[in-house]
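Here is what each chain is made of, one letter per residue.
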Amino acid sequence: MHIPSDLSAYQAGADLLAGKNLLVTGASTGIGRAAALAFAAHGATVILLGRTEGKLTEVYDAIDAAGYPKAAIAPFDLASNDEAAYAALATQLQDHFGSLHGLLHNAGMLGPLKPLSQYAANDFQQVLDINLRSNFLLTRALMPILETAGHASVVFTSSSVGRKGRAYWGAYAISKFGVEGMMQVWADELCNTSDVRVNSLNPGATRTAMRRSAYPAEAADANPEPRQIMGAYLYLMGDDSIGVNGQALNARPL
Ligand SMILES: NC(=O)c1ccc[n+]([C@@H]2O[C@H](COP(=O)([O-])OP(=O)(O)OC[C@H]3O[C@@H](n4cnc5c(N)ncnc54)[C@H](OP(=O)(O)O)[C@@H]3O)[C@@H](O)[C@H]2O)c1
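Residues numbered from 1 in each chain as written. Predicted model: local features only at pLDDT ≥ 70, side-chain atom pairs only at ≥ 80, totals over all residues. Heavy atoms only, no water.

### Points about the overall build of the chain
Helices and strands together make up the secondary structure of the chain, namely seven helices and seven strands. For the chain, the sequential pattern of α-helices and β-strands runs β-α-β-α-β-α-β-α-β-α-β-α-α-β. Taking 18 Å as the expected radius of gyration for a compact globule of 254 residues, we find that the chain reaches 17 Å, a close match to that expectation. For the chain, the C-alpha atoms occupy an extent of roughly 50 × 40 × 40 Å along the three principal directions. Of all intrachain contacts in the chain linking residues separated by at least 6 positions in sequence, the fraction that spans at least 24 positions is 75%. Counting only carbon and sulfur atoms, one obtains 51% of the accessible surface of the chain, whose full area is about 11200 Å². In the chain, 18 side chains carry a positive charge and 22 a negative one; their mean positions are 9 Å apart. (Helix = DSSP H or I, 4+ residues; strand = E, 2+ residues; numbered from the N terminus. Rg over C-alpha atoms; globule rule 2.2 N^0.38 Å. Contact = heavy atoms within 4.5 Å. Areas by Shrake-Rupley, 256 points an atom, 1.4 Å probe, with all protein chains shown as cover. Lys, Arg positive; Asp, Glu negative; His and termini not counted. Charge placed at Lys NZ, Arg CZ, Asp CG, Glu CD.)

Structure (structure tokens):
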């Protein structure tokens, strides 16, 4: 298994993702929006999942205006614990698309940055629900249509603070440690029975609303824009990463 050392430098062929149906969560803004556009630009039909339909429509329109394959919008609040809603989403996707070739878990929330000793239980629960539980419920619901796709790819979004704990990053850091653990468990469970590969990706510091709220005093241009780190996302969704499974990767060298 060879993995390029600098995934941001990965050069994707123009039709790398042609014929693939890929679902991106949190596709309305930031990294998710950039991933949806990059996947569509390389030929994928992208299912845009998020809770704010108006923002998803803007991404849908941008994909349409660029002449990329028509996207689809899936309004969904990942705070939901309603298993029937996840099952209904899977049924809709199966009816409409048949199979799913890739799932990018990108949506996330930061939550409060404060000492754990002052962290409210409700905040802790909300961050874990959105950043961790939803990743489990969605992966579980969509696994049957991923398994029928042939060489499907699931990508969980991690963070540096999900690989080494850091003071004041609270439930966010803990949720990302959970994401890393879940990635490993899925990867190990699937490796002998399925050709679905499962990996985690740390985007690294990236110029988005989440980064701004974590570091309000940081210079606006201190970090790359989401579109500059898309090499890793394309690599993991495309067939060049077949055989890469259970890996914790970085979108660019740290
Ligand atoms: N930016 C960085 O420096 C950085 C570094 C390491 C890891 N990450 C990770 O990268 C991922 C993307 O981050 P970002 O910086 O692009 O963040 P962002 O700009 O804040 O975007 C977050 C996305 O998640 C969606 N979302 C939040 N709560 C949701 C919910 N309950 N249901 C459905 N969608 C929901 C948001 O939708 P709305 O627009 O509707 O709120 C938005 O599309 C996250 O997992 C984050 O933890 C980011």
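Past the structure itself, the notes keep going.
### Overview of the site of the ligand
Close contacts around the ligand come from 30 residues, with S28, T52, K55, Y172 and T208 the closest. At 3.3 Å from an oxygen atom of the ligand is found a side-chain nitrogen or oxygen belonging to T29. In this structure, R51 approaches the ligand through a side-chain N or O atom, which is 2.8 Å from an oxygen atom. When isolated, the ligand has an accessible area of 900 Å², and the protein chains bury 93% of it. The cavity that encloses the ligand is the largest pocket. (Near = heavy atom within 4 Å. Polar contact = N/O pair within 3.5 Å; in protein donor to acceptor, adjacent residues only side chain to side chain. 1 Å grid on protein atoms, 1.4 Å probe; cavity = no way out; pocket = protein on both sides within 12 Å on 5 of 7 lines; lining within 4 Å. Sits in = over half its atoms within 2 Å of the grid points.)

### A word on the packing of helix α1 (residues 30-41) against helix α7 (residues 230-237)
Where α1 meets α7, the closest approach of the two axes is 10 Å, and the angle between their N-to-C directions is 55 degrees. Taken together, the axes of α1 and α7 are oblique relative to one another. Regarding α1 and α7, the two cross each other, and that crossing is right-handed. Of the residues in α7, those touching α1 at I31, A34, A35, A38 and F39 are M230, Y233, L234 and M237. Residue composition of the contact of α1 with α7, grouped by class: nine nonpolar, no polar and no charged. (Axes fitted to C-alpha atoms, helices over the stretch in contact; angles between N-to-C directions. Parallel < 35°, antiparallel > 145°, perpendicular 65-115°, else oblique. Left-handed = near helix turned anticlockwise from the far one by under 90°. Nonpolar A, V, L, I, M, F, W, Y, C, P; charged D, E, K, R; others polar.)

### A short note on helix α3 (residues 83-97)
With 15 residues, α3 should reach 21 Å at 1.5 Å per residue; the first-to-last C-alpha distance of 21 Å fits that figure. Listed as buried for α3 are Y86, L89, A90 and L93. Buried residues along α3 cover an arc of 100 degrees about the axis, so they all sit on one side. Those residues of α3 that are exposed and aimed more than 90 degrees away from the buried face are A84, Q92 and D95. The elements touched by buried residues of α3 are β1 (21-25), β2 (45-50), β3 (72-75) and α4 (121-147). The residue sitting at the N-terminus of α3 and contributing the capping side-chain oxygen is D82; that oxygen lies 3.1 Å from the backbone nitrogen of A84. Trailing α3 by a residue or two, G98 shows a phi angle of about 85 degrees, which is positive. (Expected span 1.5 Å × (residues − 1). Buried < 20%, exposed > 50% of the residue type's maximum accessible area, 1.4 Å probe, protein only. Arc of directions from axis to C-beta.)

### Describing the nonpolar core
Counting residues in hydrophobic clusters, the biggest one holds 40 residues, and the most contacted among them are L23, L138, L142, L146, F156, V196 and V198. Broken down by secondary-structure element, the contributors of at least two residues to this core are β2, β3, α3, α4, β5 (153-157) and α5 (170-190). Among the elements that line this core, the one with the most residues is α4, at 11 residues. Filtering out sequence-adjacent residues up to four positions away, F156 remains in contact with H105, N135, T139, V179, M182, M183, W186, V198, N199, S200 and L201. The next biggest cluster of nonpolar side chains, apart from the first, holds 36 residues, and it includes L56, I63, L104 and A251. (Core = buried A, V, L, I, M, F, W, Y, C linked by side-chain atoms within 4.5 Å.)

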